[in-house]
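# Architecture at a glance
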Amino acid sequence: MGRGKLRIYLGAAPGVGKTYAMLSEAHRRVERGTDCVVAFVEHHGRPSTEVLLHGLEQVERRELEHRGAVFTEMDVDAVLRRAPAVALVDELAHTNVPGSRNRKRWQDVEELLAAGIDVVSTVNIQHLESLGDVVESITGVRQRETVPDEVVRRADQIELVDMSPEALRRRMAHGNIYTSDKVDAALSNYFRPGNLTALRELALLWVADRVDEYLQRYRSEHRVSRIWGSRERIVVGLTGGPEGRTLIRRAARLAEKGAGGEVLAVYIASSDGLTSASPDELAVQRTLVEDLGGTFHHVVGDDIPAALLAFARGVNATQIVLGVSRRKSWQYVFGPGVGATVARDSGTDIDVHLITHDEAGKGRGLPVARGARLGRSRIIGGWAVGVAGPAIMAVLLYTVHLGLANDMLLFLSVTVAAALLGGLLPALASAAVGSLLLNYFYTPPLHRWTIADPKNIVAIVIFVAVGASVASVVDLAARRTHQAARLRAESEILSFLAGNVLRGETGLEELLERVRETFGMESAALLERSGDHDPWTCAGRAGVGPPVGRPEEADVDVAVGDHIALALTGRVLPAEDRRVLAAFAAQAAVVLDRRRLLEEADRARALAEGNRIRTALLAAVSHDLRTPLAGIKAAVSSLRSDDVAWSEEDRAELLEGIEEGADRLDHLVGNLLDMSRLQTGTVTPLIREVDLDEVVPMALVGVDQDGVRLDVPETLPMVAVDAGLLERSMANLVENAVKYSPPGKPVLVAASALADRVEVRVVDRGPGVPDEAKERIFAPFQRHGDAPRGTGVGLGLAVARGFAEAMGGTLEAEDTPGGGLTMVLTLRAQAPQAPQAPHAPQPVPSPQEQPERQAT
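A brief report on the enclosed structure follows. The residue count restarts for each chain, going from 1 along the sequence in the order it is written. Reporting of local features is limited, given that this is a predicted model, to residues whose pLDDT is at least 70; pairs of side-chain atoms are given and counted only at 80 or more, and all residues count toward the totals for whole chains, interfaces and linings. Note that the side-chain values use all heavy atoms of the structure and ignore hydrogens as well as water.

## Quick notes on a nonpolar patch on the surface
Applicable threshold: Each patch is assembled from residues with relative accessible area greater than 30% and no salt bridge, linking like charges that lie within 9 Å and nonpolar side chains (Val, Leu, Ile, Met, Phe, Trp, Tyr) that lie within 5 Å. Only the protein chains shown count as covering a residue, and every accessible area follows the Shrake-Rupley method with a 1.4 Å probe. Between Lys or Arg on one side and Asp or Glu on the other, a salt bridge is scored when a side-chain nitrogen of the former is within 4 Å of a carboxyl oxygen of the latter. Only DSSP runs of H or I reaching four residues or more are called helices, and only runs of E reaching two or more are called strands; each is numbered from the N terminus. With a 1.4 Å probe rolled over the protein chains alone, any residue whose accessible area is under 20% of its type maximum counts as buried; one over 50% counts as exposed, and the rest are partly exposed.
Nonpolar side chains collect at one region of the surface, where I379, W383, V387, L425 and L428 lie side by side and expose about 420 Å² of accessible area between them. Looking at the nonpolar patch, the elements with two or more residues in it are helix 14 (376-398) and helix 16 (424-442). Along the chain, the position of W383 falls in helix 14. Owing to a relative accessible area of 36%, W383 belongs among the partly exposed residues under this scheme.

Here is the structure:
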């Protein structure tokens, strides 16, 4: 009998529907005639899941006694005796009660599989052993019940049961996962949107990796060529041809295969003008790569493969995407090409992808410019043709003499070839060597350096003159073409700078990094000083070891006015590069000025905000403070009046009105003073270790105790806060929640630990706040909706958030599932949360603190 097959339903969290999906699959198999039994399934009292158990045969469970309680576990022996075709076993990571056949349930499943029984099971992503540290960093609790990853990896099928965090929280709020008395605490602890989103991402990525493994195994077994994917940085080498669009799209698809992929397109412009590209095409490709979320880089380099690899290593790239060469077959005699050279020199740390495209094998196509400095290889080739070419031609013509005129034309063709390859000097050398050989071998008297016929003297002189003239014309054309190519490259860079100036997109550090990349320098810095005799200071830098002392210490420096200079280190630039460098320097000065103007604008906005606050403060004082003062004055005047004989009830009512008005004044003045301190930046919190269960109850003094339910466990770690500021923040939050909560719906104040922080949630069941107004309610002097004037000046939440941020915390507003508003105050924990004892009381049996019979 062969080994059984294992199918696993994997979920991100309890309640996504794993058990429901497993039972539905069992019904489908039974309808097809498959012998399927329920070995162990826990429905957790959910009617929709319990109904699916009807109609399925269930193997009786085994009862075990442990510490005075009776538990039920799967009876492995009973299932083996029944020997069904398929067995349903819920909660694969469950730890069996002591006294069971095996310690873990996955070990029970291994026995069933070894007996040839197919098993369908369920597991949550947080119970995989390798993800324990990750899950603990997300939820703050270490998983005690885990299953080895290899057990799940060996499954024949893994099916992901997915549900969005919002839908899962709605299920929880409707009571479909836990009972209603546990819903609020569960939603504020384990079932936070952030927790669920992170766990969902873990599940999706883990399953995606398993799918990748299955696909690679299939391709290997069926001899299908393997396709490599990447989640790393991908550099795309562009030539300026139309195939660049194909390369960019292909690189973007590679980056999308995993998380964190980044695309960097780079065009290498040779400093000697040997290559050129259409500015329009490069502009299109720049737009395309930016639309796909990548970046475009323009780099100058003489050796294109070396410059490309240097750029890739400089940005820590592990992938290079290049197009298949445009060369025709015969053109490979001149060298292996850029793609082959990059692949050869990339080493083991960089993978090179050669992508086919429509232009492959159609010839170079791109305009080629010959420069005045033709490069070392071309100059060597020109000298070789100029010196060795006439000698080879003399040997070839030694046996076949075509006449002096024809011989001179053939020697002249060698001179032209030397001019095309190496420029003027190799061509002049070719003309000189050719004239000597013509004199020695082909003009009488032969094999002597003298010339008998004066006509031959004229012919040789004309030959030398024509050779020199042709070489001069070719060299001059090469110089002009080089200048045109260089000017085109400069215009592209200047166009880029002008566009950034108009759009205001590039920051100072980004611009300096672009300068460093463009000119191949080690570092760049923008230096400035206030006066002629003041020391230089660094306003921005890029690269390693930038010059920060004086511009004269750099290899290259360009002055912008009297008090700003752009300094670069790495090498000395030629004079023709300084024009473009001057444009970069001017742009850097503009960016620096723009940054300072933005800072001035921010300060102006702060002053304007202060004026608005003062105006609103005067309005508040003129009405909200005068109202309780008027009430107090009226009550006091009534009590002092001798014209009316007040009864004891009337006197008590007037005194109560005075007390309420005084309390209201005290609260309003306190908030106004706190807001003033926050606006002026004079709040200096005294941070120390504080227990929440000591501070939070103090904030509830003066609040109707029946209107607030407190849930702050004593086991929470201490928080690093200012006790006074925290008390004031909590008082404002609770007062605001009580104000809007309907009668009979108490406000819940709950606290829980999450990794290195502690969250305090103030939950009300009031009308709630729409998403677009959630930030606005924290602004000073803001009341939401149609709140009456008597409800305050709108400073409570602003003060609460200000104090929270002053202590290094945050305060955010969330919707309460089922209606209402939840204020989430996040504080820094003083130390990591210690594992809770098994007997510690918990408000909600969260998935981490109860046996592994998880909600599915």
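## Overview of unusual backbone geometry
Phi angles above zero are rare outside glycine, and A83 is one such case at about 50°. By the secondary structure assignment, A83 is in the loop between helix 3 (76-82) and strand 6 (86-89). Look at A83 and you get partly exposed, because its relative accessible area is 47%. Even without being a glycine, E91 presents a positive backbone phi close to 55°. Within the fold, E91 resides in the loop between strand 6 and helix 4 (105-114).

## What to know about the sheet that holds strand 21 (residues 747-754)
To keep things clear, this is the line we draw: Here the rule is simple: two strands pair whenever DSSP picks up at least two bridges between them. Think of each axis as a best-fit line through the C-alpha atoms, taken over the contacting stretch in the case of a helix, with angles from 0 to 180 degrees between the N-to-C directions. Throughout, a contact is declared for two residues whenever any of their heavy atoms are within 4.5 Å.
Strand order in the open sheet formed by five strands is 19-21-22-24-23, and the pairing between neighbours is mixed. Every interior strand has two partners, whereas the edge strands, strand 19 (708-711) and strand 23 (810-815), have only one. Taken pair by pair, the neighbouring strands of this sheet meet at an average axis angle of 20°, ignoring direction. Here helix 22 (residues 723-740) sits on the sheet in contact with strand 19, strand 21, strand 22 (757-763), strand 23 and strand 24 (821-828), set at roughly 30° to strand 22.

## Concerning the nonpolar core
Selection criterion: Among buried residues, those of type Ala, Val, Leu, Ile, Met, Phe, Trp, Tyr and Cys that are joined through side-chain atoms within 4.5 Å constitute a nonpolar core.
Core analysis: the largest hydrophobic core is formed by 60 residues, its most contacted members being L88, L92, L112, I125, V147 and W206. Take this core: its biggest share by element is six residues, from helix 9 (residues 193-221). The contact partners of V147, leaving out residues within four places of it in the chain, are L92, A93, W106, V123, H127, L128, E129 and V152.

## With respect to the packing of helix 21 (residues 692-699) against helix 22
Our working rule: Any angle that is under 35 degrees is reported as roughly parallel, and any over 145 degrees as roughly antiparallel; angles of 65 to 115 degrees are reported as roughly perpendicular and all others as oblique. Should the near helix be turned anticlockwise from the far one by less than a right angle, the crossing is termed left-handed; should it be turned clockwise, right-handed. In this classification, the charged set is Asp, Glu, Lys and Arg, the nonpolar set is Ala, Val, Leu, Ile, Met, Phe, Trp, Tyr, Cys and Pro, and all remaining amino acids, among them Gly, are polar.
Direction vectors running N to C along helix 21 and helix 22 enclose 45°, while the axes themselves pass 8 Å from each other. With respect to their mutual orientation, helix 21 and helix 22 come out oblique. The hand of the helix 21/helix 22 crossing is right-handed. Residues L692, V695, V696, M698 and A699 of helix 21 touch helix 22, and the partners they reach there are A723, L726, E727, M730 and A731. Classifying every residue of the contact of helix 21 with helix 22 by side-chain character gives nine nonpolar, no polar and one charged.

## With respect to the sheet that holds strand 7 (residues 118-124)
Sheet architecture is open: six strands sit in the order 3-2-6-7-1-8, paired in parallel fashion. Across the chains shown, the open sheet's two edge strands, defined by having one partner strand only, are strand 3 (57-58) and strand 8 (157-161). Sheet topology note: the strand 2 (residues 36-40)/strand 6 ladder contains four bridges and is parallel. The residue of strand 6 that forms the bridge with C36 is V86.

## Quick look at the pattern of salt bridges
Summed over all chains, the structure comprises 27 salt bridges. Measuring nitrogen to oxygen at the nearest pair gives 2.9 Å for the salt bridge that ties E57 to R82. Residue E57 is located in strand 3, and its partner R82 is located in helix 3; the two are separated by 25 residues in the primary sequence. We note a salt bridge from E73 to R105, for which the minimum N-O separation is 3.0 Å.

## Section: a negative patch on the surface
Selection rule: The convention is simple: Lys and Arg are positive, Asp and Glu are negative, and His and the chain ends are not counted. We put the charge of a Lys on NZ, of an Arg on CZ, of an Asp on CG and of a Glu on CD.
On the surface, E648, E649, D650, E653, E656, E659, E660, D663 and D666 cluster together into a patch of negative charge. As for its position among the elements, E659 is in helix 20 (residues 648-680). Under the relative-accessibility criterion, E659 is labelled exposed at 53%.

## Some points on the pairing of strand 16 (residues 556-560)
Where strand 16 meets strand 17 (residues 564-569), five bridges bridge the pair, whose relative direction is antiparallel. Residue V560 lies in a different strand from strand 17, and its bridge partner there is I564. The hairpin formed by strand 16 and strand 17 contains three residues between the paired strands, and G561 there has a positive phi angle of roughly 75°.

## Structural notes on the packing of helix 12 (residues 304-314) against helix 13 (residues 338-345)
Taken N-terminus to C-terminus, the directions of helix 12 and helix 13 make an angle of 45°; their axes are 9 Å apart at the nearest point. Of the possible angle classes, the one that applies to helix 12 and helix 13 is oblique. Along this stretch, helix 12 crosses helix 13, giving a crossing that reads as right-handed. Contacts between helix 12 and helix 13 pair I304, P305, L308, L309 and R313 from the former with V338, T341, V342 and D345 from the latter.

## Considering helix 5 (residues 132-139)
The line we're drawing: Along the arc lie the directions from the helix axis toward the C-beta atoms.
Every buried residue of helix 5 is accounted for by G132, V135, I138 and T139. Angular distribution of buried residues about the axis of helix 5 spans 130°; they occupy a single face of the element. G140, located one to two residues past helix 5, shows a positive phi value of around 85°.

## Looking at the side chain of T822
Short version of the rule: Any pair of N or O atoms that falls within 3.5 Å is considered a polar contact. Within protein, one atom must be able to donate a hydrogen and the other to accept it, and sequence-neighbouring residues count only if both atoms are side-chain atoms.
Topologically, T822 is positioned in strand 24. Since its relative accessible area comes to 4%, T822 is described here as buried. One polar contact links T822 to T816, side chain to side chain, over a distance of 2.6 Å. Excluding residues within four positions of it along the chain, T822 makes contact with R761, V762, V763, E812, A813, E814, D815 and T816.

## Re the side chain of K774
Relative to the elements of secondary structure, K774 occurs in the loop between strand 22 and helix 23 (796-806). Engagement of the side chain of K774 in a polar contact is seen with the side chain of D771, the distance being 2.7 Å. There is a polar contact of 2.8 Å between the side chain of K774 and the side chain of D815. Residues contacting K774, with those up to four places away along its chain left out, are V769, A813, E814, D815 and L821.

These figures capture arrangement, not role.
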